[in-house]
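# Overview (structure and organization)
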Amino acid sequence: MPDELVETKDGMKLRKLVELKTTTAEEYQKAMLDRVEYFKEKNQQKSQFNSFLQNTVVKAFSTLLDLKVNVDKALGEENLKKVHEVLDNVLLFGL
């Protein structure tokens with residue numbers, strides 16, 4: 001977009017808009033959408049390993065939590081309290 005520089009009394013240089021095109025907003029919008037698309041493609045190329053790693057970690061945590069819930073159910077309320085007390089004592093005095 002053409003512009004001209006105007007110098008103020010203070011010595012500050014300002015740009016004065018000379019021409020305003022009606023398609024400027026459309027050009028900026030197209031440029032932004034192109035950038036978004038470019039980075040979307042770049043991230044998809046890089047994220048294959050990351051998504052595999054994230055899925056593996058999430059599945060591992062999910063499996064561990066399911067195992068914990070099943071063990072809690074199998075132990076029952078009284079035994080679960082005893083196990084928690086033993087773990088508390090181990091962590092409190094063992095470290």
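Whatever comes next refers back to the structure up there.
Calculation criteria
Residues numbered from 1 in each chain as written. Predicted model: local features only at pLDDT ≥ 70, side-chain atom pairs only at ≥ 80, totals over all residues. Heavy atoms only, no water. Patch = residues over 30% accessible without salt bridge, like charges linked within 9 Å, V, L, I, M, F, W, Y side chains within 5 Å. Areas by Shrake-Rupley, 256 points an atom, 1.4 Å probe, with all protein chains shown as cover. Salt bridge = Lys/Arg side-chain N within 4 Å of Asp/Glu carboxyl O. Helix = DSSP H or I, 4+ residues; strand = E, 2+ residues; numbered from the N terminus. Buried < 20%, exposed > 50% of the residue type's maximum accessible area, 1.4 Å probe, protein only.

### Examining a nonpolar patch on the surface
A grouping of Leu-53, Val-57, Phe-61, Leu-64, Leu-67 and Val-71 is seen on the molecular surface, where their side chains present a nonpolar patch of about 550 Å² in accessible area. Its place among the elements puts Leu-64 in helix α1 (residues 24–94). According to the relative accessible area criterion, Leu-64 is exposed, its value standing at 52%.

### What about the pattern of salt bridges?
One pass over the full model with this rule turns up two salt bridges. Across the salt bridge formed by Lys-30 and Asp-34, the nearest N and O atoms sit 3.2 Å from each other. Placement of both Lys-30 and Asp-34 in helix α1 is noted, with a separation of four residues, approximately one turn of the helix. The class of Lys-30 is exposed, set by a relative accessible area of 53%. A salt bridge links Lys-68 to Asp-72, with the shortest nitrogen-to-oxygen separation between them at 2.5 Å. Of this pair, Lys-68 and Asp-72 both sit in helix α1, separated by four residues, roughly a single helical turn.

In short, the description is geometric, and any link to function would need to be established separately.
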